[in-house]
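Each chain is listed here by its residues.
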Amino acid sequence: MELTLNRSDYLQVGVTSQKTMKLLPASGRRATQKVVVGDQDGVLACFGIKKGEAVPVFKTLPGLKIARLELGGALNAPQEKIFVATGSEIRGFTKRGKQFLSFETNLTESIKAMYVSGSDLFLCASYIYNHYCDCKDQHYYLSGDKINDVICLPVEKLPCIIPILACQDRVLRVLQGSDMMYEVEVPGPPTVLALHNGNGGESGEDLLFGTSDGKLGIIQITTSNPVHKWELRNEKKRGGVLCVDYFDIVGDGVKDLLVGRDDGVVEVYGFDAANEPVLRFDQALSESVTSIQGGCVGKDGYDEIVLTTYSGWITGLTTEPVHKESGPGEELKINQEMQNKIASLRSDLEHLQLKVIQERERYQQSSQSSPAISAAPSFSVNDKFTFDKDDASYSLILEVQTAIDNVMVQSDVPVDLLDVDKNSAVANENFLLATYRCQANTTRLELKIRSIEGQYGTLQAYVTPRIQPKTCQVRQYQIKPLSLHQRTHFIDHDRPMNTLTLTGQFSFAEVHSWVVFCLPEVPEKAPAGECVTFYFQNTFLDTQLESTYRKGEGIFKSDNISTISILKDVLSKEATKRKINLNIAYEINEVSVNHTLKLIHPKLEYQLLLAKKVQLIDALKELQLHEGNADFLIPEYRCILEEADRLQEEYKRQPAHLERLYGMITDLFIDKFKFKGTNVKTRVPLLLEILDSYDHNALVAFFDAA
């Protein structure tokens, strides 16, 4: 069924956080709904729409940033009480704006996630979960990694309260009381949770999750074991999921899934006969979508999707047609309404332009007076530095509440800048510096970089928006020694492993801080207990790492000698900095070298073949032009010509891929003999010659003979 939605921008509030907008239940059968939204200035606003204009219901004074907004009320009754989380406090408001609750929690950190169910309140700071009933403390749980969202299965359908935490380490933690019943591994770091169909489905146990790498899925949370129902891979490489809702926008009697992503894409999924999701509609906005709701807001009888963006725009995607069928009298009325609206907008624009001129003059006078007063304008930057497993690269997303003029990226370690299709910026780059000049009205910029393992340091982004006087904000991101590794929950214990053992007078917190320094996706806080084990996978080579450490001892096992070599160098350097004497022992498994070469082989073969095909394209095109067609060519060459654009695009998208693989093989060769106390750097040119005329068996023989 074809779904057509038309965009309508209602109004702009301050910068918004994730999940801070809701639609209040309609008061009558045919009445439109009111929108309630909280922003980072601490303002809670409620408004309705009348004749296309926003009509305020109430607005609070500014205060601490509103991090979450939820609706609540008695169970099985309309949810029309408004709860907001600001700092460590929860405030409650009626739909008319009267404050009825001010609850200062015992949390020492700011509240990051909240869920309300009847008289039960579920709150999460970065690592701490608290359950309150009637504002009295009930249960507490300390999570092993950062908590991104919290939800509770519907208490009306289940015999006990079952809260679920979405944690950064790709795990959903299912709780009962203050204890964890079990963990559920999901395909990416979960950022948002919702009850399937808005009520947990027929059983009340169906839970929807969205991840920071754009995946969606449903899991049935039973009392014993989770059941994975379906999972939607992010095939189109869209942004991470920030918000979801269920609403029947298609009008077929089945609730559709509404999804808002951090790259501005809005999606509507319907469900087929097998209850599998089917994409019905998508639209891209220019900035991230922080909240999404389905309802009837703009005009009675026309359903719509209401969403808020990062910079605070509240936008409707409505089923109301732009051009309606009407008679001559009706058309005249519509034209008159449109003219009145245009006149009103012109008047507002002139008023704003006059105000800008006056404020600019005032600023000029104050900056030239004695003593001179000058103030740098403040602006919000929403940044995200995440690892993309699919192409083993880092994605840096910078979003500003106003248009970006330029972004300068500087790194003290060598990195490759990769092409991003969605960019509307021109990059000028050199070895360690790149400047992105943005087109007008660009508020969001995405960069992709690929680092080299073993080379670590800092990446800095200098963000300059199009505002006067010129000002800039600096953001810093750590590139870690084992930057291409990613946390995983299982590894293959049958692989040939090399072992590095560290012993010395160091505490559990100290060895944990070294692991945090070396590897991504490790929680900054040391986990509870005396000993911890983390598993990692190198996303570029598919090698693995097991790290187990406690007070006075650290054991690291990997099937890649280079990983062990990097850890040995970095950890001994960190220990020396802190004047800690380390005893280092290692066991090298010779079989692991051939095993790693075997893992590299298909990647290297593919890249060599791709490079060879790309080199042939120009010559084949010239032959085709000379002969008039390509019929005389052998099928292999005809195939290269047919796929020329795709091959060139792929080659362009992965610069230095081949050099990177050559570098990894060279490092592997040097590291193998380094542990034997032999320096083989003089034999590297010979190794490169073998790689240029690549044959896997010849390469293995060279490694064995050396």
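Residues numbered from 1 in each chain as written. Predicted model: local features only at pLDDT ≥ 70, side-chain atom pairs only at ≥ 80, totals over all residues. Heavy atoms only, no water.

- Within an unreviewed UniProt entry, the label attached to the chain reads Bardet-Biedl syndrome 7 protein isoform X2, and the organism entered is Phascolarctos cinereus.

### Some points on the nonpolar core
And step 1. Ranked by size, the top nonpolar core spans 79 residues in total, and within it Val407, Leu604, Ile665, Leu699 and Phe703 carry the most contacts.
And step 2. Once residues within four sequence positions are removed from consideration, Leu604 is found in contact with Leu658, Leu661, Tyr662, Ile665, Leu691 and Tyr694. (Core = buried A, V, L, I, M, F, W, Y, C linked by side-chain atoms within 4.5 Å. Buried < 20%, exposed > 50% of the residue type's maximum accessible area, 1.4 Å probe, protein only. Contact = heavy atoms within 4.5 Å.)

### Details of the domain arrangement of the chain
And step 1. According to the domain assignment, the chain consists of domain 1 (12-234 + 247-257), domain 2 (381-479), domain 3 (485-588) and domain 4 (591-705).
And step 2. Opposite the 8 residues of domain 1 that make contact, domain 3 presents 8 residues.
And step 3. For the pair domain 1 and domain 3, the summed buried area comes to about 800 Å², and 44% of that belongs to carbon and sulfur atoms.
And step 4. Together, Tyr127, Arg170 and Glu185 form the three largest contributors to the area buried by domain 1 at its contact with domain 3, with a combined 56%.
And step 5. Counting across the domain 1 and domain 3 interface gives 4 salt bridges.
And step 6. For Arg487, the salt bridge goes to Asp145, with nearest N and O atoms at 3.9 Å.
And step 7. On the surface where domain 1 and domain 3 come into contact, there are 3 residue pairs in polar contact (both at pLDDT 80 or more).
And step 8. Residues of the side of domain 1 that touches domain 3, tallied by class, amount to 2 nonpolar, 1 polar and 5 charged. (Domains from an automatic or database assignment. Buried area = accessible area lost by both parts, 1.4 Å probe. Salt bridge = Lys/Arg side-chain N within 4 Å of Asp/Glu carboxyl O. Polar contact = N/O pair within 3.5 Å; in protein donor to acceptor, adjacent residues only side chain to side chain. Nonpolar A, V, L, I, M, F, W, Y, C, P; charged D, E, K, R; others polar.)

### Let's talk about the pattern of salt bridges
And step 1. Taken as a whole and assessed by the stated rule, the structure comprises 38 salt bridges.
And step 2. One salt bridge in this structure joins Arg173 and Asp169, with 2.8 Å as the shortest N-O distance.
And step 3. Put simply, Arg487 and Asp169 hold a salt bridge, and the shortest N to O gap is 3.7 Å. Note that Arg487 is positioned in strand β38 (residues 485-488) and Asp169 in the loop between β15 (163-167) and β16 (171-176), a separation of 318 residues in sequence.
And step 4. With a relative accessible area of 10%, Arg487 lands in the buried category.
And step 5. A cluster of three or more residues bridged by salt bridges with shared partners is formed by Asp145, Asp169, Arg173, Glu183 and Arg487. (Helix = DSSP H or I, 4+ residues; strand = E, 2+ residues; numbered from the N terminus.)

### Brief notes about helix α2 (residues 508-518)
And step 1. Turning to α2, its buried residues number three or more, namely Phe508, Val511, His512, Trp514, Val515, Val516 and Cys518.
And step 2. As for α2, its buried residues are in contact with β40 (531-538), β41 (544-550), β42 (553-558), α3 (561-577) and β43 (582-587).

### Observations regarding the sheet that holds strand β23 (residues 256-261)
And step 1. Strand order in the open sheet formed by 4 strands is β22-β23-β24-β25, and the pairing between neighbours is antiparallel. Here the strands that pair on one side only, and so sit at the sheet edges, are β22 (241-247) and β25 (277-284). Averaged over all neighbouring strand pairs, the angle between strand axes comes to 20°, with direction disregarded.
And step 2. Relative to β23, β22 is paired through 6 bridges, and the arrangement is antiparallel. By the bridge assignment, Tyr246 is partnered in β23 with Leu257. (Pairing = 2+ DSSP bridges. Axes fitted to C-alpha atoms, helices over the stretch in contact; angles between N-to-C directions.)

### Concerning helix α7 (residues 657-674)
And step 1. Spanning 18 residues, α7 covers 25 Å between terminal C-alpha atoms, matching the ideal 26 Å at 1.5 Å per step.
And step 2. Of all 18 residues that make up α7, 14 are buried, and the element is covered over most of its length. (Expected span 1.5 Å × (residues − 1).)

### Focus: the sheet that holds strand β10 (residues 113-117)
And step 1. Sheet architecture is open: 4 strands sit in the order β10-β11-β12-β13, paired in antiparallel fashion. Looking at the sheet topology across the chains shown, the edges are occupied by β10 and β13 (136-142). Direction aside, neighbouring strands of the sheet carry axes that sit 15° apart on average.

### Side note on the packing of helix α4 (residues 591-627) against helix α5 (residues 635-642)
And step 1. Closest axis-to-axis distance for the α4/α5 pair is 9 Å, and the angle between their directions is 95°. On the basis of the axis angle, α4 is roughly perpendicular to α5. Every residue of α5 that contacts α4 at Lys613, Leu616, Ile617, Leu620, Lys621 and Gln624 is listed here: Tyr637, Ile640 and Leu641.
And step 2. Classifying every residue of the contact of α4 with α5 gives 6 nonpolar, 1 polar and 2 charged. (Parallel < 35°, antiparallel > 145°, perpendicular 65-115°, else oblique.)

### Section: the packing of aromatic side chains
And step 1. Scanning the model with the defined rule gives 16 aromatic pairs in all.
And step 2. Lying over the aromatic face of Phe100, Lys81 brings its terminal NZ or CZ to 5.3 Å of the ring centre. (Phe/Tyr/Trp six-rings, centres within 6.5 Å; stacked < 30°, edge-to-face > 60°. Lys NZ or Arg CZ within 6 Å of the ring centre and 35° of its normal.)

### Let's talk about the packing of α4 against helix α9 (residues 696-705)
And step 1. It is at 11 Å that the axes of α4 and α9 come closest, and there the two elements cross at 155°. As the angle between them shows, α4 and α9 are arranged roughly antiparallel. In the packing of α4 onto α9, the handedness of the crossing is right-handed. In contact with Val593, Asn594, Leu597, Lys598 and His601 of α4, α9 contributes His696, Leu699, Val700, Phe703 and Asp704.
And step 2. Residues that form the contact of α4 with α9 fall into these classes: 5 nonpolar, 3 polar and 2 charged. (Left-handed = near helix turned anticlockwise from the far one by under 90°.)

### So, unusual backbone geometry
And step 1. Backbone geometry places Asn197, a non-glycine residue, at a positive phi of 65°.
And step 2. For Asn197, the location among the structural elements is in the loop between β18 (190-195) and β19 (206-211).
And step 3. Overall, the relative accessible area of 28% leaves Asn197 in the partly exposed class.
And step 4. Of note in this structure, Glu521 is not a glycine but carries a positive phi near 65°.
And step 5. In this fold, Glu521 is placed in the loop between α2 and β40.
And step 6. Its relative accessible area of 27% is what places Glu521 among the partly exposed residues.

### A few points about the pairing of strand β35 (residues 444-451)
And step 1. Of all 8 residues in β35, 8 are buried, a share of seventy percent or more.
And step 2. Here β35 shows no split at all, with Arg444, Glu446, Lys448 and Arg450 on one side and Leu445, Leu447, Ile449 and Ser451 on the other all buried.
And step 3. Sheet topology note: the strand β30 (residues 393-400)/β35 ladder contains 6 bridges and is antiparallel. Pairing of Tyr394 across the sheet is with Ile449, part of β35.

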